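# Summary of structural features
The primary structure of each chain is shown beneath.
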Amino acid sequence: MIPAELQAHLDGGTTTTCRAWTVRRRDGTVLGFTDHDCDLLIEGVVHRAGSGLTARALQQGTGLAVDNTEASGALSDAAISEADLAAGRYDAAEVRIWLVNWADGTQRAELFRGSLGEVTRLGAEFRAELRGLSEALNQPVGQAYTRDCSAVLGDGRCRFDTVQAGYSAERAVEAVDGARRMFRFADFAGFADRWFEFGRVEVLDGAARGLVGLVKSDRVVGAGRVMELWHGIRADLRPGDMLRFTAGCD
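Residues numbered from 1 in each chain as written. Predicted model: local features only at pLDDT ≥ 70, side-chain atom pairs only at ≥ 80, totals over all residues. Heavy atoms only, no water.

This part covers the packing of aromatic side chains. Aromatic ring pairs are described here by two measures, namely the spacing of the ring centres and the angle between the planes. Tallied over the entire structure, the rule returns 9 aromatic pairs. Consider the rings of tyrosine 167 and tryptophan 195, whose centres lie 5.7 Å apart with planes at 45 degrees: the pair is tilted. One end of the pair, tyrosine 167, is in the loop between strand E9 (125-132) and strand E10 (168-172); the other, tryptophan 195, is in the loop between strand E12 (182-185) and strand E13 (200-203), with 28 residues separating them in the sequence. Its relative accessible area of 30% is what places tryptophan 195 among the partly exposed residues. With centroids separated by 5.2 Å and ring planes inclined at 90 degrees, the aromatic side chains of phenylalanine 185 and phenylalanine 188 adopt a geometry described as edge-to-face. Taken individually, phenylalanine 185 and phenylalanine 188 each receive the classification buried, so the pair is uniform in this respect. (Phe/Tyr/Trp six-rings, centres within 6.5 Å; stacked < 30°, edge-to-face > 60°. Helix = DSSP H or I, 4+ residues; strand = E, 2+ residues; numbered from the N terminus. Buried < 20%, exposed > 50% of the residue type's maximum accessible area, 1.4 Å probe, protein only.)

Following this line, the structure appears as C-alpha cells:
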C-alpha cells in the first residue's frame, strides 16, 4: 500500500522517484543499493548509488500465487563480489525493494519483500532470482518420525549444550586441500576416533568467516587426525584461520 504522502507526490505529475534495494544476508550483513545517482538513507541503511543493480518489472498478484522476478548487476568488491556469491553468502538473503521519493526519503513504499533464489554469473555480471514471500508455501513442511533421532545435535529440538567440555573444540587450519574439503592436523589428541563425524565445522575468522561445513569422516592418525567434509568450504582458507568443530551424533 502506497502512503498518502507518496501517492500525492505521484499524482502531482512531476515526480522525483527511484527504486532502492535492501539486502540482509543470513550472517547479519545488510547492504543497500539504489538506481538514483546519489546515496539514500532508508531505515538507517545507506543505499549506495552506482552499484549497477537493476531489477525487472515486478509482477505481483492477489491470492497465493508465487511472485517472482529478477535482479541483475555488476560484480565488484565495493558492492556484490564474485567471491561472496561463490561462497553462498547471499543464498536465501532477504530482499526488500522500495519506491522512494529521493527528494524526501520519508516518502517511500515497499514494493516487494522476499528472498534471493538461484544466482547465476555471466562474466562480470550476475543475475539473481527474487522469490516472493509466498514461495515458502511451495516448500513441504512437517516432521518425519524415524527410527533414529532426526534432530541435529545442539539445535532447538535437541537442546543439548554442545559448549560442554568434550563436545566442541577450536583449532587453527594447518593443512587443507585445494577444494577446502580435507583437513589434516598434526596434533589433535583428546578425542576418540570418529568423534566429530556427522558434526559440523564453523569458520571463525579469515575470508571464510561464518561459513559452515558438515563433517563426513573423522579419523585419528597418531596424535593428529584427518577430517573430510561432505562439501568443501566455498571461500579461501589459509593456515592460521580458526575453526570450531562440534561433535556429531549417531
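Turning our attention to the sheet that holds strand E14 (residues 212-221). What the 7 strands build is an open sheet, ordered E10-E16-E13-E14-E15-E12-E11; its pairing is antiparallel. With one partner strand each, in any of the chains shown, E10 and strand E11 (175-176) form the two edges of the open sheet. Pairing between E13 and E14: 3 bridges, direction antiparallel. Residue glutamate 202 lies in a different strand from E14, and its bridge partner there is valine 212. (Pairing = 2+ DSSP bridges.)

Under the counting rule described, the total for this entry stands at 0 disulfides. With no disulfide partner, cysteine 18 has as its closest neighbouring cysteine sulfur the one in cysteine 38, 9.7 Å distant. In this structure cysteine 249 is not part of a disulfide, and its nearest cysteine sulfur, from cysteine 149, lies 6.0 Å away. (Disulfide = S-S within 2.5 Å.)

A word on the pattern of salt bridges. Under the definition given, this model contains 18 salt bridges. With a shortest N-O distance of 4.0 Å, arginine 89 and aspartate 27 are connected by a salt bridge. Of this pair, arginine 89 sits in the loop between helix H2 (82-86) and strand E7 (94-101) while aspartate 27 sits in the loop between strand E1 (17-24) and strand E2 (30-34); the two residues are 62 residues apart in sequence, bridging distant segments of the chain. We classify arginine 89 as buried; its relative accessible area is 10%. Its relative accessible area of 42% is what places aspartate 27 among the partly exposed residues. (Salt bridge = Lys/Arg side-chain N within 4 Å of Asp/Glu carboxyl O.)

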